[in-house]
Amino acid sequence: MSAAPSFDAPTVIGLKRDGGRLPDAAIDWVIEAYTAGQVAEAQMSALLMAIFLRGMDAAETARWTAAMIASGERLDFGGLARGGRPLATVDKHSTGGVGDKITLPLVAVVAACGAAVPQASGRGLGHTGGTLDKLESIAGFDAALTGAQVAEQLQSVGAAIFAAGHLAPADAKLYALRDVTATVESLPLIASSVMSKKLAEGAGALVLDVKVGSGAFMKSRRQAGELARMMIELGGAHGVPTTALLTEMSTPLGAAVGNALEVGEALDVLAGGGPPDVVALTVALAAEMLAVAGVDRIDPAQTLADGTAMDRFRALIAAQGGDLGAALPVGRACETVTAPRGGVVTRVDALAVGRAVWRLGAGRSGPGQQVQHGAGLVVHRRPGDPVAAGEPVFSLYTDTPERYPAAMAELEGGWQVGDAPAPAGPLILDRMAP
C-alpha cells in the first residue's frame, strides 16, 4: 500500500466522528501512516475514540484488519511435515479474562496430541493479564522469535509462544494505545486486533475463546456472540477455518491471578492437578483445536495424566531460554482479606479481582510500563466454598505496599458470604462455527 497524499488525520478523524464510513483508501492510509509515525498518538487516540463511539461496519472492519496484516510480514508454515505428512497447525485466542492462564497448559496439550501451535501472544490489556507478561516471569524466557525460529520450534517441539511484534506491527501500536485510552471495549477494534495477528501468524486453523461476563470485555452473550461471528467471518474470508467457544468469565479462572502466580497454577495443571475449571477449559479447547485442525484425536486429558503435556511445556520453555528450575517471583509484601462471618462464599466478581490485581502492579497504566511479575492475588475461597469467620478469602501480593489501599478498594463489594451457595452455571456457554 502506498500513502495517499489526499488524506490527512484531521479529515479522517472528523469523518468518523460525524458518523461517516471510512473509505478503503482512508483506512489504508491511516494505518500505514500511523505505523510509520506520520500520524501522532493524539490523533490516533482521537480516531480510536471516534470508532469506539461510532463503530465500523463489516466492510470497514475487514479493510482495517487487512491493512494491519499488510503492515508486517505473514508467516507460512505450509512446508512443515512430520512422518511424511503435512504438520497441522492450529492456534487459540482468548478475548481476555481474569486468571486466564489457559494458553500455557493448552499449547503443551495440543502439541502432545500431534498438532503444532504457533501462538503469537500479547501483553496485558486493561484489567486482563497478558500471556507474555506471565511467561516473562520465568527466568530467561525470551519471546522475541524470528519466523524461522518459530518454524524450527514448531518442527522440534510442536509449539512456540512468541511476541507478535513483527506481525501486524500496526496492531502492536494500537493495542498499547487502546489500553490507556479507554477504547478497549469496541467490537470492530477487538475483532480486527485479534484477527490481524492470528491471520498473520500463519496457523492453518483457529479456535476463539470468547469470554462472557463481568470480567470480560463482552458482558453479555449477545455481544460475545456478535464478536465471535465477526471474527469467524474474518477467518473464513482469509481461508483459515475458525470456530469459537463462548465461556463464562464472571468469576476468575482458577485461584491464581497475576503473572508468576498464574504460571505456578499452570504448572500444577500440567502436573495432573490444578483447579477443576482450568483443567476442564484446557481439555475442551484442546479437543476443539484438534477437531478444527483435522488431527486424529488423542484424549487431551490423557496428556495431563501421563506427563506428555508437561514434557512439551518444559521443552518449549527451554527452547526459548527459560529456566523452570529458578524460583518464580512473589511480591515481597502480602495482605490477607478474611471473611467477616461464617457461611458460604456466594460471589467472587472477576472484574473486581482483575482490577485489584492491576492496582497491585501486575498490569499497566501507561504504554511500555514494566509490570511486577510477583504481584497478584490468590482466591482461597471460590463461590460455593464454605468459610468460617476470620478465615482467609484472598491473599494479595505486591512489591509496593502503598498500592494496598487502592487494591482493597477495588475488591470492596466484589465478593459476598451468604447462607447458601448460588446455583453454579456452565463454564462453556456455547459453540459457534461457520
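Here goes a summary of the coordinates provided. This is a predicted model, so every value here is computed, not measured. (Residues numbered from 1 in each chain as written. Predicted model: local features only at pLDDT ≥ 70, side-chain atom pairs only at ≥ 80, totals over all residues. Heavy atoms only, no water.)

Focus on the overall build of the protein chain
Of the regular secondary structure elements, the protein chain holds 16 helices and 15 strands. Overall, the protein chain is about 70 × 55 × 40 Å in size when its C-alpha atoms are taken along their principal axes. Classification of the 434 residues of the protein chain by burial places 56% in the buried group. Here the contacts in the protein chain between residues at least 6 apart in sequence split such that 80% fall between residues at least 24 apart. Summed over all atoms, the accessible surface of the protein chain reaches about 16,100 Å², with 54% contributed by carbon and sulfur. (Helix = DSSP H or I, 4+ residues; strand = E, 2+ residues; numbered from the N terminus. Buried < 20%, exposed > 50% of the residue type's maximum accessible area, 1.4 Å probe, protein only. Contact = heavy atoms within 4.5 Å. Areas by Shrake-Rupley, 256 points an atom, 1.4 Å probe, with all protein chains shown as cover.)

Overview of the side chain of Glu 410
Relative to the assigned elements, Glu 410 resides in helix α16 (residues 404-411). Exposure remark for Glu 410: the relative accessible area of 18% places this residue in the buried category. Side-chain polar atoms of Glu 410 contact the side chain of Arg 355, separated by 3.3 Å. In this structure Glu 410 touches Ala 352, Arg 355, Ala 356 and Arg 359, once residues within four positions along its chain are discounted. (Polar contact = N/O pair within 3.5 Å; in protein donor to acceptor, adjacent residues only side chain to side chain.)

Notes on the environment of Leu 53
With respect to the helices and strands, Leu 53 occurs in helix α3 (residues 41-54). A residue is classified by how much of its surface remains accessible, and Leu 53, at 64% relative accessible area, is exposed. When the C-alpha atoms of Leu 53 and Ser 186 are compared, they prove to be 8.4 Å apart, with 133 residues separating the residues in sequence.

A look at the pairing of strand β11 (residues 376-379)
A two-sided burial pattern is seen for β11, the buried positions comprising Gly 376 and Val 378 on one face and Leu 377 and Val 379 on the other. As defined by bridge partners, β11 adjoins strand β13 (residues 392-398) across four bridges and the pair is classed as antiparallel. The residue of β13 that forms the bridge with Val 378 is Ser 395. (Pairing = 2+ DSSP bridges.)

Section: the packing of aromatic side chains
Going through the model one piece at a time under the given rule, you end up with two aromatic pairs. The positively charged end of Lys 173 is found above the aromatic ring belonging to Tyr 34, 4.2 Å away from the centroid. (Phe/Tyr/Trp six-rings, centres within 6.5 Å; stacked < 30°, edge-to-face > 60°. Lys NZ or Arg CZ within 6 Å of the ring centre and 35° of its normal.)

Some points on the side chain of Ser 94
Examined against the element boundaries, Ser 94 turns out to sit in strand β3 (residues 90-94). Judged by relative accessible area, which is 12%, Ser 94 ranks as buried. A polar contact is formed between the side chain of Ser 94 and the backbone nitrogen of Gly 96, at a distance of 3.1 Å. One polar contact links Ser 94 to Asp 100, side chain to side chain, over a distance of 2.6 Å.

Observations regarding the sheet that holds strand β12 (residues 386-387)
Taken together, three strands build an open sheet; the order of strands is β12-β10-β14 and the sheet is antiparallel. Among the strands making up the open sheet, the edge pair consists of β12 and β14 (415-418). Sheet analysis places strand β10 (residues 343-348) next to β14, joined by four bridges and oriented antiparallel. Residue pairing for β14: Arg 347 is matched across the bridge by Gln 416.

What about empty space enclosed by the protein?
The tally for this structure, following the rule as stated, stands at three cavities of 30 Å³ or more. Computed from the structure, the largest cavity encloses a volume of approximately 380 Å³. Along the wall of the largest cavity there are 27 residues; nearest its centre are His 93, Ser 94, Thr 95, Gly 96 and Tyr 175. Going through the elements one at a time, β3, β4 (117-121), α6 (131-135), α8 (169-179) and α9 (187-200) are the ones with two or more residues in the lining of the largest cavity. Tallying contributions element by element places α9 first for the lining of the largest cavity, with five residues. By residue class, the composition of the lining of the largest cavity is six nonpolar, 14 polar and seven charged. (1 Å grid on protein atoms, 1.4 Å probe; cavity = no way out; pocket = protein on both sides within 12 Å on 5 of 7 lines; lining within 4 Å. Points joined across faces, edges and corners; volume = space filled by probe spheres on them. Nonpolar A, V, L, I, M, F, W, Y, C, P; charged D, E, K, R; others polar.)

A look at the sheet that holds β11
With antiparallel pairing, four strands are arranged side by side in an open sheet as β8-β11-β13-β9. The outermost strands of the open sheet, each flanked by one partner alone, are β8 (256-257) and β9 (333-338). Strand contacts of α16: β9, β11 and β13, with the helix running at about 145° to β13, the strand carrying the most contacts. (Axes fitted to C-alpha atoms, helices over the stretch in contact; angles between N-to-C directions.)

Observations concerning helix α15 (residues 350-362)
When the terminal C-alpha atoms of α15 are compared, their 15 Å separation across 13 residues is substantially less than the 18 Å that a helix rising 1.5 Å per residue should span. Along α15, the residues classified as buried are Ala 350, Ala 352, Val 353, Gly 354, Ala 356, Val 357, Leu 360, Gly 361 and Ala 362. Each element contacted by the buried residues of α15 is listed here: β8, α11 (259-270), β10, β11, β13 and α16. Two to three positions downstream of the cap, the backbone nitrogen of Leu 351 sits 3.3 Å from a side-chain oxygen, assigning the N-cap of α15 to Asp 349. (Expected span 1.5 Å × (residues − 1).)

A closer look at the nonpolar core
The tendency in soluble globular proteins is for nonpolar side chains to be buried as a group. Residues Val 110, Val 353, Phe 394 and Leu 396 are the most contacted members of the largest nonpolar core, which totals 71 residues. Look past the residues within four positions of Leu 396 in its chain and what remains in contact with it is Ala 333, Cys 334, Glu 335, Val 337, Leu 360, Gly 376, Leu 377, Tyr 404, Ala 407, Met 408 and Leu 411. Membership of the second largest hydrophobic core comes to 41 residues, among which are Ile 69, Ala 120, Ala 151 and Met 195. (Core = buried A, V, L, I, M, F, W, Y, C linked by side-chain atoms within 4.5 Å.)

Thoughts on unusual backbone geometry
Notably, Ala 168 is not glycine yet its phi reads approximately 45°, a positive angle. Its place among the elements puts Ala 168 in the loop between β5 (159-163) and α8. The exposure class assigned to Ala 168 is buried, which follows from its relative accessible area of 0%. One non-glycine residue, Ala 182, lies in positive phi territory at about 55°. Positionally, Ala 182 belongs in the loop between α8 and α9.

With respect to the environment of Thr 128
Of note, Thr 128 is situated in the loop between β4 and α6. By relative accessible area, which is 5% here, Thr 128 ends up buried. Spatially, the C-alpha atoms of Thr 128 and Ala 9 are 31 Å apart, while their sequence positions differ by 119 residues. The residues touching Thr 128, leaving out its near neighbours within four places in the chain, are Gly 96, Gly 97, Gly 215 and Phe 217.

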